[in-house]
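Coordinate analysis (summary)
Spelled out from the first residue to the last, the chains are:
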Amino acid sequence: MSKRRAVSQQVGDDDISESECGSEEEDAALESSYPLKPIENLKTTPRGEAEDSGNENENSEAEDSESGKEDDTNEDGAPRLSYQQQVEVVLRAVLADEGHLFTHEELHWFDCYSGLGSDAQEVFIKLLNRRPKVERISRIRFKRMDQDRVDAAVSILVHAGFASDKLPEDDLSSWLKLLRKDELALFAGELRIGGIAKTKVAELSSDSFPPRVADDTHSPVSCVDSVLQRIKSFAGPTIHLSPPHRALFNRLFLVYNRSQTWPGDTGFMLDSILTNLRDSTRRRNFASFTVHRFGLTWPTREELLDYERCLRLEYEWAEAEAELLSVGKRDADAEKGRVRTRLREKMSGIMEVAVEEWERWVREERTHVSGVAWLQMFTGGWVVTRIVSQATRFCHQIEDFTKEIDLLRKLLAQRLYCQYIRGYWFDQLALTLHRYVDKEQAWEVCLSALTDPYLQCGHQRAIEKRVIKLKKNLGKRINLIYHHLQYPKAATYKLIAKRVFSQTNHKALWTSMDPSFVVRRSKSSTLTTLFTDRIRGDFVSEALLSGDKLVRDAAKESGGIYVEELALEWYKARGWKGYHSENSIITTLFGLLFWDVLFFCEVPGAFSSPYQTCPLDLNTEFFIINRADHVETRLAQIESGGFVEIIRKVDEREREKRTLCRGVSWKNFTREDIIEISQCFGGPALAHICRLFAQSYWAHQGGVPDLCIWKPKERKVMLVEVKGEGDQFSEKQRVWMDYLSIFKVEVVQFFVRTK
């Protein structure tokens with residue numbers, strides 16, 4: 001296990017494009033087309049000093065911007081690394097401790113890459129950051145590299161075997177896909193093909209062209225050949241990376257980044273190759289922490305390939321599920337019906353493979369060889385457990401309740417993988433049994449769930465509500481404690497306003513009842529209370545906005561604003577300070593208060609790269625276990641009143657650099673506001689919230705009320721959940737309101753209605 005100190009790293013927001021989905025192929029199939037055979041006596045250009053270069057966005061063909069001399073060093077004076085230098089850093093880091101994960105042949109290819117020369121490496125990295133496709137060489141541009149150097153670099157890559165200058169399929173359709181939309185339109189006009197719109201040119205094939213008779217020989221000749229030659233001449237030379245070499249370097253970055261999901265075609269380098277910037281104001285700064293690369297994360301190559309295969313399977317499942325969702329469940333369109341059938345068959349096939357694989361892992365009771373419990377998340381068993389868990393939802397959707405119940409019971413019976421999802425499994429099993437099978441069985445499942453140590457508050461609330469229904473239906477005579485009924489009720493307010501815009505899949509816009517109302521910043525807004533009453537024990541204030549002014553920075557062109565903004569400005573007019581913050585205020589407070597616990601506790605393997613915004617185990621139940629003493633010490637400091645000094649110290653050190661930390665939003669909150677808000681919360685409430693996140697960060701990132709408002713002089717804070725007409729509370733929102741009530745933080749349900 002190697003140990004290195006990582007300095008604050010700076011990277012750019014816009015260097016790497018978003019992932020685009022491409023075809024996923026197994027290594028065996030890839031290697032059958034492009035065998036990985038070392039090239040003997042490989043001639044390469046001399047290795048020069050790597051140059052800084054830009055990296056173009058996937059969707060942009062603009063030239064890469066050049067970093068000036070003033071950008072050659074970081075703010076701390078350390079030289080910034082070029083992309084090529086960073087890849088070398090990744091290679092050294094991985095091969096130092098995890099070279100056993102690669103074959104001798106693959107290690108040879110890494111050596112070949114290191115000897116390519118700066119220009120060829122730069123072109124290789126650019127292509128690697130793009131989705132797999134054929135590229136026109138004329139469109140591979142660099143600010144510091146003229147076309148002759150690009151052509152020479154491409155030639156080296158092709159000669160070395162890292163790329164090919166031949167299209168996989170040398171047909172008309174493949175070449176047409178290389179043209180831009182404007183080029184396709186121009187080409188369609190030249191072809192003058194009747195009955196085919198310009199937008200359909202890319203769909204042409206050889207069959208689209210009728211044969212013609214040549215004047216000289218009178219023999220039938222297809223005009224597609226001449227068309228194809230014209231396109232080739234227009235497009236120019238091409239290049240695409242060899243699939244096995246792309247897969248090899250993707251695996252390298254998967255190992256380096258400890259990727260927990262399949263990154264997609266262009267996402268492998270995203271967490272690592274991010275330094276060169278087009279704009280020095282858009283650098284990313286990572287925290288300083290000790291990098292511990294745990295060499296036994298994957299003890300053998302077979303276990304890595306197993307893990308990688310399972311990640312790909314999960315990625316395929318997610319892609320099919322997203323496509324099925326986009327098609328819709330019950331659309332009457334015949335074509336969509338066929339697509340739904342195809343996607344469901346595909347998902348059923350993936351589910352069968354995943355279940356078989358998962359049952360093998362459970363049957364063999366395979367645990368991580370290191371004995372470190374949280375490293376289980378890097379095993380294939382952990383990944384396929386996630387797939388099987390998602391498959392239960394699919395079974396419910398296609399009404400295969402027998403299969404769903406069987407899988408849920410098996411998931412609950414094992415104690416090796418993904419125990420943090422047990423609450424969902426209990427909840428879903430109880431629901432399906434209650435509605436479709438047997439209420440008595442549902443009752444037994446609910447009682448078992450209430451004694452399970454992994455049952456989170458949200459699922460506990462749902463289980464308790466189901467117990468109340470089942471108790472009444474079955475006539476059970478048993479006394480149970482229902483925790484969710486013991487929580488204080490949130491105050492409820494109602495505001496009358498006018499809805500000025502409403503459209504399906506869009507948030508409604510609102511304004512006051514006064515037609516002359518103009519949204520603008522003003523301190524003279526007034527509120528006329530119509531009546532106050534008590535309804536079901538809850539205080540209800542029904543009010544009507546009057547006057548033509550409401551505190552707000554600027555008006556929407558339509559004259560309306562969202563309900564959250566309407567409620568926020570209503571409170572501001574009454575002397576409150578506030579943000580429409582949702583989860584960000586809570587996650588920011590946790591990140592600042594637990595900064596030292598997150599980054600300075602040396603848990604082996606938690607930081608494997610200097611480009612992390614949090615430890616790898618944050619989203620697991622093992623986070624608090626691995627740092628139990630540090631967590632308790634920090635919670636005691638917070639509860640005793642030391643939270644202000646902790647926040648101020650971290651903020652003063654990190655704000656100027658905008659250091660990246662999971663959940664921390666520097667731009668949304670000022671230091672003064674964060675300190676005021678924390679003082680209004682108080683130490684005990686902050687300690688409770690931080691313990692909640694430390695125990696199960698993954699479960700509480702959503703559902704926090706929309707508004708955070710406070711009065712610093714009165715040391716009073718409120719969290720406000722705003723609902724427009726027709727909006728419903730989600731279960732996560734109800735859970736957070738319960739939590740905040742337990743922590744003695746005031747919560748308000750704010751309804752905006754038309755009458």
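Residues numbered from 1 in each chain as written. Predicted model: local features only at pLDDT ≥ 70, side-chain atom pairs only at ≥ 80, totals over all residues. Heavy atoms only, no water.

Section: the overall build of the chain
Regarding its fold elements, the chain presents 24 helices and 19 strands. Out of the 755 residues in the chain, the part that is buried amounts to 53%. Partitioning the intrachain contacts of the chain with sequence separation of at least 6 by distance along the chain shows that 76% fall at a separation of at least 24. Counting only carbon and sulfur atoms, one obtains 49% of the accessible surface of the chain, whose full area is about 35400 Å². (Helix = DSSP H or I, 4+ residues; strand = E, 2+ residues; numbered from the N terminus. Buried < 20%, exposed > 50% of the residue type's maximum accessible area, 1.4 Å probe, protein only. Contact = heavy atoms within 4.5 Å. Areas by Shrake-Rupley, 256 points an atom, 1.4 Å probe, with all protein chains shown as cover.)

Description of the packing of aromatic side chains
Within this structure, the stated rule accounts for 37 aromatic pairs. Measuring from centroid to centroid gives 6.3 Å for Trp361 and Tyr417, while their planes differ by 80°, and the two rings are edge-to-face. Taken together, the positions of Trp361 in helix α11 (residues 334-364) and Tyr417 in the loop between α13 (401-413) and α14 (422-437) put the pair 56 residues apart, joining distant regions of the chain. Accessibility assignment for this pair places Trp361 and Tyr417 in one class, buried. (Phe/Tyr/Trp six-rings, centres within 6.5 Å; stacked < 30°, edge-to-face > 60°.)

Quick look at the packing of helix α2 (residues 83-98) against helix α9 (residues 243-257)
For the pair α2 and α9, the least separation of the axes is 10 Å and the interaxial angle reads 70°. Taken as axis vectors, α2 and α9 run roughly perpendicular relative to one another. Residues Val87, Val90, Leu91, Ala93, Val94 and Glu98 of α2 pack against Phe249, Leu252, Phe253, Val255 and Tyr256 of α9. Broken down by class, the residue content of the contact of α2 with α9 amounts to 10 nonpolar, no polar and 1 charged. (Axes fitted to C-alpha atoms, helices over the stretch in contact; angles between N-to-C directions. Parallel < 35°, antiparallel > 145°, perpendicular 65-115°, else oblique. Nonpolar A, V, L, I, M, F, W, Y, C, P; charged D, E, K, R; others polar.)

A few points about the sheet that holds strand β7 (residues 238-241)
Sheet architecture is open: 3 strands sit in the order β3-β7-β4, paired in antiparallel fashion. Each edge of the open sheet is held by one strand with a lone partner, namely β3 (135-136) and β4 (163-164). Sheet analysis places β3 next to β7, joined by 2 bridges and oriented antiparallel. If you follow Arg136 over to β7, its bridge partner there is Thr238. (Pairing = 2+ DSSP bridges.)

Details of helix α24 (residues 731-742)
The end-to-end C-alpha separation of α24 is 17 Å, in line with the 16 Å expected for 12 residues at 1.5 Å each. All of the buried residues in α24 are Gln733, Val735, Trp736, Met737, Asp738, Tyr739, Leu740 and Ser741. Lys744, located one to two residues past α24, shows a positive phi value of around 65°. (Expected span 1.5 Å × (residues − 1).)

Observations concerning unusual backbone geometry
Positive phi values are uncommon outside glycine, yet Glu365 reaches one of about 50°. Within the secondary structure layout, Glu365 lies in the loop between α11 and α12 (380-397). One non-glycine residue, Arg715, adopts positive backbone phi at about 50°. Along the polypeptide, Arg715 turns up in the loop between β17 (707-711) and β18 (716-723).

Some words on helix α22 (residues 671-681)
Along α22, the residues that are buried comprise Asp673, Ile674, Ile675, Ile677, Ser678, Cys680 and Phe681. Close packing links the buried residues of α22 with β15 (577-580), α18 (584-593), α21 (628-654), α23 (683-696), β17 and β18. Just downstream of α22, Gly682 is the residue with a positive phi angle, here 90°.

Comments concerning the environment of Leu566
Inspection of the secondary structure puts Leu566 in helix α17 (residues 563-572). Assessed through its relative accessible area of 0%, Leu566 is described here as buried. Residues Leu566 and Val752, spaced 186 residues apart in sequence, show a C-alpha to C-alpha distance of 8.7 Å.

A closer look at the confidence of the model for the chain
Per-residue pLDDT for the chain averages 77, and the proportion of residues at 70 or more is 72%. Counted against residues more than four places away or in other chains, residues 194-199, with its pLDDT under 50, gives 3 contacts. In this model residues 275-281 is a low-confidence stretch, pLDDT under 50, and it forms 28 contacts with partners more than four residues away in sequence or in other chains. (pLDDT = per-residue confidence, 0-100.)

So, the nonpolar core
Counting 169 residues, the largest nonpolar core has Phe162, Phe594 and Phe681 as the members making the most contacts within it. No other element matches helix α10 (residues 301-327), which puts 10 residues into this core. Among all residues touching Phe162, those that are not within four sequence positions of it are Trp109, Cys112, Tyr113, Leu116, Phe124, Leu157, Leu241, Ser242, His245 and Phe249. (Core = buried A, V, L, I, M, F, W, Y, C linked by side-chain atoms within 4.5 Å.)

A few points about the pattern of salt bridges
One pass over the structure, following the stated rule, counts 34 salt bridges. A salt bridge links Glu135 to Lys133, with the shortest nitrogen-to-oxygen separation between them at 4.0 Å. Residue class for Lys133 comes out partly exposed when judged on its relative accessible area of 28%. For Lys410, the salt bridge identified is with Asp406, shortest N-O distance 3.4 Å. Placement of the pair is Lys410 and Asp406 together in helix α13, with a separation of 4 residues, close to one helical turn. Among the residues examined, Asp406 registers a relative accessible area of 33% and is labelled partly exposed. (Salt bridge = Lys/Arg side-chain N within 4 Å of Asp/Glu carboxyl O.)

A look at the side chain of Arg422
Following the sequence through the fold, Arg422 ends up in helix α14. On the basis of relative accessibility, which here comes to 2%, the residue Arg422 falls in the buried class.

Looking at the side chain of Glu357
Following the sequence through the fold, Glu357 ends up in helix α11. Taking relative accessible area as the criterion, Glu357 reaches 11% and is therefore assigned buried. Engagement of the side chain of Glu357 in a polar contact is seen with the side chain of Arg360, the distance being 2.4 Å. Aside from chain neighbours lying at most four places away, what touches Glu357 is Asp306, Arg309, Cys310 and Val384. (Polar contact = N/O pair within 3.5 Å; in protein donor to acceptor, adjacent residues only side chain to side chain.)

Considerations on the packing of α9 against α10
At a closest axis distance of 12 Å, the pairing of α9 and α10 adopts a crossing angle of 95°. When the axes of α9 and α10 are compared, the pair comes out roughly perpendicular. Two secondary-structure elements touch here, α9 through Arg251, Leu254 and Val255 and α10 through Arg301, Leu304, Leu305, Tyr307, Glu308 and Leu311. Taken together, the residues of the contact of α9 with α10 break down into 6 nonpolar, no polar and 3 charged.

A word on the environment of Ile463
Relative to the elements of secondary structure, Ile463 occurs in helix α16 (residues 457-474). By relative accessible area, which is 0% here, Ile463 ends up buried. On a C-alpha basis, the gap between Ile463 and Leu447 in space is 8.7 Å, while along the polypeptide they are 16 residues apart. When residues no more than four places from it in sequence are discounted, the contact partners of Ile463 are Phe426, Asp427, Ala430, Cys446, Ala449 and Leu450.

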